[in-house]
Amino acid sequence: TDELNGSGSATWHTVAPGYALHRTIAFSSGWHNRESGDQAISQYSRWCKGVGIVNFPRPLFPQILKLDGYSQPECFPEKTWMFNLKMNGQELINDPVSQRDFSYTLMLPDIRDNRSLLSSEKAWPVGEVQMVLASDQVYKPIDCSGEKDSRVVAYHLNNLELTELIPVA
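Thresholds applied
Residues numbered from 1 in each chain as written. Predicted model: local features only at pLDDT ≥ 70, side-chain atom pairs only at ≥ 80, totals over all residues. Heavy atoms only, no water. Helix = DSSP H or I, 4+ residues; strand = E, 2+ residues; numbered from the N terminus. Buried < 20%, exposed > 50% of the residue type's maximum accessible area, 1.4 Å probe, protein only. Contact = heavy atoms within 4.5 Å. Areas by Shrake-Rupley, 256 points an atom, 1.4 Å probe, with all protein chains shown as cover. Disulfide = S-S within 2.5 Å. Phe/Tyr/Trp six-rings, centres within 6.5 Å; stacked < 30°, edge-to-face > 60°. Lys NZ or Arg CZ within 6 Å of the ring centre and 35° of its normal. Salt bridge = Lys/Arg side-chain N within 4 Å of Asp/Glu carboxyl O. Pairing = 2+ DSSP bridges. pLDDT = per-residue confidence, 0-100.

### Notes on the overall build of the protein
Within the protein, the secondary structure is distributed over 2 helices and 13 strands. Per-residue burial for the protein yields a buried fraction of 40% across its 169 residues. Excluding contacts between residues fewer than 6 apart, the proportion of contacts in the protein whose partners are at least 24 apart in sequence is 66%. A total accessible area of about 9,600 Å² is found for the protein, and carbon and sulfur atoms account for 53% of it.

Right, here's the structure in full:
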(Lines give C-alpha, C1' and ligand atoms only; values in the text may rest on other atoms or scores of the structure.)
Protein backbone atom coordinates (compact mmCIF):
# COMPACT_ATOMS: atom_id res chain seq x y z
CA THR A 1 0.00 0.00 0.00
CA ASP A 2 2.97 2.34 0.40
CA GLU A 3 3.25 2.20 -3.37
CA LEU A 4 0.21 4.41 -3.83
CA ASN A 5 1.87 7.34 -2.14
CA GLY A 6 5.19 6.79 -3.89
CA SER A 7 7.28 5.81 -0.91
CA GLY A 8 7.82 2.08 -1.46
CA SER A 9 9.38 -0.26 -3.95
CA ALA A 10 7.79 -1.60 -7.11
CA THR A 11 7.58 -5.25 -6.05
CA TRP A 12 4.23 -5.36 -4.28
CA HIS A 13 2.07 -5.37 -7.40
CA THR A 14 3.61 -8.44 -9.10
CA VAL A 15 1.27 -11.29 -8.23
CA ALA A 16 2.44 -13.81 -10.82
CA PRO A 17 4.69 -13.40 -13.83
CA GLY A 18 2.85 -11.30 -16.37
CA TYR A 19 -0.01 -10.19 -14.12
CA ALA A 20 -0.47 -7.01 -12.12
CA LEU A 21 -2.51 -6.51 -8.94
CA HIS A 22 -3.34 -2.87 -9.58
CA ARG A 23 -5.65 -1.62 -12.32
CA THR A 24 -4.51 1.98 -12.20
CA ILE A 25 -1.34 4.03 -12.19
CA ALA A 26 1.20 3.04 -9.47
CA PHE A 27 4.12 5.34 -8.65
CA SER A 28 7.30 3.40 -7.96
CA SER A 29 10.79 4.75 -7.23
CA GLY A 30 12.14 8.24 -7.81
CA TRP A 31 9.29 10.30 -6.36
CA HIS A 32 9.00 12.39 -3.21
CA ASN A 33 6.00 11.84 -0.94
CA ARG A 34 2.98 13.91 -1.82
CA GLU A 35 2.64 17.22 -0.03
CA SER A 36 -0.58 18.72 1.34
CA GLY A 37 -0.76 21.15 -1.61
CA ASP A 38 -0.55 18.26 -4.08
CA GLN A 39 -4.01 17.05 -3.05
CA ALA A 40 -5.61 20.14 -4.62
CA ILE A 41 -3.81 19.71 -7.96
CA SER A 42 -4.49 16.06 -8.80
CA GLN A 43 -4.23 12.56 -7.35
CA TYR A 44 -0.88 12.10 -9.13
CA SER A 45 0.71 15.43 -8.28
CA ARG A 46 4.22 15.15 -6.75
CA TRP A 47 7.91 16.09 -7.08
CA CYS A 48 10.32 13.87 -8.98
CA LYS A 49 13.84 13.25 -7.65
CA GLY A 50 15.28 13.13 -11.19
CA VAL A 51 14.18 9.78 -12.59
CA GLY A 52 10.68 8.63 -11.67
CA ILE A 53 9.13 5.27 -12.49
CA VAL A 54 5.40 4.73 -12.98
CA ASN A 55 3.75 1.36 -13.65
CA PHE A 56 0.33 0.66 -15.09
CA PRO A 57 -1.43 -2.37 -16.60
CA ARG A 58 -0.97 -2.97 -20.31
CA PRO A 59 -3.84 -1.37 -22.18
CA LEU A 60 -6.51 -3.34 -24.01
CA PHE A 61 -6.94 -0.55 -26.56
CA PRO A 62 -4.83 2.39 -27.72
CA GLN A 63 -4.48 5.05 -25.03
CA ILE A 64 -3.98 8.77 -24.87
CA LEU A 65 -1.36 9.81 -22.31
CA LYS A 66 -1.54 13.37 -21.04
CA LEU A 67 0.94 14.77 -18.57
CA ASP A 68 1.87 18.20 -17.41
CA GLY A 69 4.05 19.80 -14.79
CA TYR A 70 6.58 22.48 -14.07
CA SER A 71 10.15 23.04 -13.07
CA GLN A 72 12.43 25.98 -12.41
CA PRO A 73 14.70 26.22 -15.48
CA GLU A 74 16.48 29.18 -13.91
CA CYS A 75 17.90 26.71 -11.38
CA PHE A 76 19.78 24.79 -14.09
CA PRO A 77 23.14 26.08 -15.40
CA GLU A 78 21.98 26.53 -19.01
CA LYS A 79 18.47 27.66 -17.95
CA THR A 80 17.14 24.54 -19.67
CA TRP A 81 16.82 20.83 -18.95
CA MET A 82 16.02 17.69 -20.94
CA PHE A 83 12.77 15.83 -20.32
CA ASN A 84 12.87 12.18 -21.34
CA LEU A 85 10.01 9.66 -21.32
CA LYS A 86 10.41 5.95 -22.05
CA MET A 87 7.78 3.22 -22.14
CA ASN A 88 9.17 -0.29 -21.60
CA GLY A 89 12.55 1.00 -22.76
CA GLN A 90 11.28 2.74 -25.92
CA GLU A 91 11.99 6.47 -25.97
CA LEU A 92 8.90 8.53 -26.77
CA ILE A 93 10.01 12.01 -25.68
CA ASN A 94 13.43 13.64 -25.43
CA ASP A 95 12.79 17.38 -25.31
CA PRO A 96 14.66 20.41 -24.03
CA VAL A 97 12.50 22.42 -21.61
CA SER A 98 13.27 26.07 -21.01
CA GLN A 99 9.85 27.31 -19.86
CA ARG A 100 8.45 26.85 -16.37
CA ASP A 101 5.45 24.75 -17.47
CA PHE A 102 5.48 21.71 -19.73
CA SER A 103 2.69 19.59 -21.20
CA TYR A 104 2.58 16.53 -23.48
CA THR A 105 -0.15 14.48 -25.14
CA LEU A 106 0.79 11.17 -26.77
CA MET A 107 -1.05 8.31 -28.43
CA LEU A 108 0.09 5.00 -26.96
CA PRO A 109 -0.48 2.10 -29.34
CA ASP A 110 -2.57 -0.99 -28.72
CA ILE A 111 0.00 -3.50 -27.53
CA ARG A 112 -2.10 -6.62 -28.08
CA ASP A 113 -0.69 -9.15 -30.50
CA ASN A 114 -2.91 -8.44 -33.49
CA ARG A 115 -2.19 -11.28 -35.86
CA SER A 116 -4.57 -9.70 -38.34
CA LEU A 117 -6.79 -6.64 -38.19
CA LEU A 118 -9.66 -8.77 -39.49
CA SER A 119 -9.01 -11.73 -37.22
CA SER A 120 -10.89 -12.23 -33.99
CA GLU A 121 -7.81 -14.02 -32.64
CA LYS A 122 -6.10 -11.44 -30.46
CA ALA A 123 -3.81 -12.12 -27.52
CA TRP A 124 -4.85 -10.37 -24.31
CA PRO A 125 -2.18 -8.13 -22.86
CA VAL A 126 -0.51 -9.37 -19.70
CA GLY A 127 1.93 -7.71 -17.36
CA GLU A 128 2.38 -4.01 -17.10
CA VAL A 129 3.95 -1.01 -18.71
CA GLN A 130 6.90 0.69 -17.05
CA MET A 131 7.06 4.39 -17.79
CA VAL A 132 10.29 6.22 -16.91
CA LEU A 133 10.08 10.03 -16.70
CA ALA A 134 13.52 11.58 -16.38
CA SER A 135 15.35 14.87 -16.21
CA ASP A 136 19.01 15.19 -17.09
CA GLN A 137 19.52 17.60 -14.15
CA VAL A 138 18.39 18.14 -10.56
CA TYR A 139 18.54 21.05 -8.12
CA LYS A 140 17.77 22.02 -4.53
CA PRO A 141 15.14 24.77 -4.26
CA ILE A 142 16.90 26.17 -1.17
CA ASP A 143 20.02 26.85 -3.30
CA CYS A 144 18.42 28.66 -6.22
CA SER A 145 15.04 30.10 -5.27
CA GLY A 146 15.35 30.76 -1.55
CA GLU A 147 12.60 28.29 -0.65
CA LYS A 148 13.15 26.35 2.58
CA ASP A 149 13.22 23.07 0.65
CA SER A 150 16.53 21.21 0.75
CA ARG A 151 15.33 18.14 -1.19
CA VAL A 152 16.89 17.24 -4.51
CA VAL A 153 14.22 17.70 -7.21
CA ALA A 154 13.99 17.91 -10.99
CA TYR A 155 10.38 18.80 -11.79
CA HIS A 156 6.89 18.68 -10.34
CA LEU A 157 4.36 16.44 -12.05
CA ASN A 158 0.96 18.14 -11.85
CA ASN A 159 -1.12 15.51 -13.58
CA LEU A 160 -0.83 12.21 -15.40
CA GLU A 161 -3.84 10.89 -17.27
CA LEU A 162 -4.36 7.69 -19.28
CA THR A 163 -7.51 7.36 -21.35
CA GLU A 164 -8.30 4.21 -23.32
CA LEU A 165 -9.78 4.62 -26.79
CA ILE A 166 -12.48 1.99 -27.11
CA PRO A 167 -13.46 1.14 -30.67
CA VAL A 168 -17.03 1.93 -31.72
CA ALA A 169 -18.46 -1.22 -33.29
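### Observations regarding the state of the cysteines
All chains considered together, the criterion is met by 1 disulfide. Each disulfide pairs two cysteine sulfurs, and for Cys-75 the partner residue is Cys-144, the sulfurs being separated by 1.8 Å. In this structure, the disulfide formed by Cys-75 and Cys-144 twists by about 65 degrees around the S-S bond and is classed as right-handed. Highlighted residues: Cys-75 in the loop between β6 (63-70) and β7 (81-87) and Cys-144 in helix α2 (residues 141-144), separated in sequence by 69 residues.

### Notes on the packing of aromatic side chains
Throughout the structure, instances matching the rule amount to 14 aromatic pairs. Ring centres of Phe-76 and Tyr-139 lie 5.3 Å apart, and the angle between their planes is 85 degrees; on these two criteria the pair is classed as edge-to-face. Of this pair, Phe-76 sits in the loop between β6 and β7 while Tyr-139 sits in the loop between β12 (128-135) and α2, and the two are 63 residues apart along the sequence. According to the relative accessible area criterion, Phe-76 is buried, its value standing at 1%. Here Trp-81 and Phe-83 contribute two aromatic rings whose centre-to-centre distance is 6.0 Å and whose plane-to-plane angle is 85 degrees, an arrangement assigned as edge-to-face. Taken together, the aromatic side chains of Phe-27, Trp-31, Tyr-44, Phe-76, Trp-81, Phe-83, Phe-102, Tyr-104, Tyr-139 and Tyr-155 make up a single cluster linked through ring pairs. Between Arg-46 and the ring centre of Phe-27, over which it is positioned, the NZ or CZ distance is 3.8 Å. When the ring centre of Tyr-70 is taken as origin, the NZ or CZ atom of Arg-100, which lies over that ring, is 4.1 Å away.

### Considerations on the pattern of salt bridges
Taken as a whole, this structure holds 3 salt bridges when the rule is applied. Here Arg-151 makes a salt bridge to Glu-35, at a shortest N to O gap of 2.5 Å. Of this pair, Arg-151 sits in the loop between α2 and β13 (155-164) while Glu-35 sits in the loop between β3 (26-27) and α1 (38-41), and the two are 116 residues apart along the sequence. Taking relative accessible area as the criterion, Glu-35 reaches 31% and is therefore assigned partly exposed. One salt bridge in this structure joins Asp-149 and Arg-151, with 2.9 Å as the shortest N-O distance. Overall, the relative accessible area of 22% leaves Arg-151 in the partly exposed class. It is possible to trace a salt-bridge network through shared partners that takes in Glu-35, Asp-149 and Arg-151.

### Concerning the sheet that holds β7
Here 5 strands make up an open sheet; going across it, the order is β3-β5-β12-β7-β8 and the pairing antiparallel. The two strands at the open ends of the sheet, each matched to only one other strand, are β3 and β8 (90-97). Note that β3 and strand β5 (residues 51-57) share 2 bridges and pair antiparallel. Within β5, the residue paired with Ala-26 across the bridge is Asn-55.

### Focus: the confidence of the model for the protein
Across the protein, the average pLDDT comes to 80, with 73% of residues at 70 or higher. Here strand β10 (residues 113-114) stands out as the element of the protein with the lowest mean pLDDT, 46, in contrast to strand β4 (residues 46-48), whose mean of 97 is the highest. Contacts from residues 1-15, a stretch scored under 50 in pLDDT, to residues over four places away or in other chains number 33 contacts. Note on residues 113-119: pLDDT under 50 across the span, and 9 contacts to partners over four residues away in sequence or across chains.

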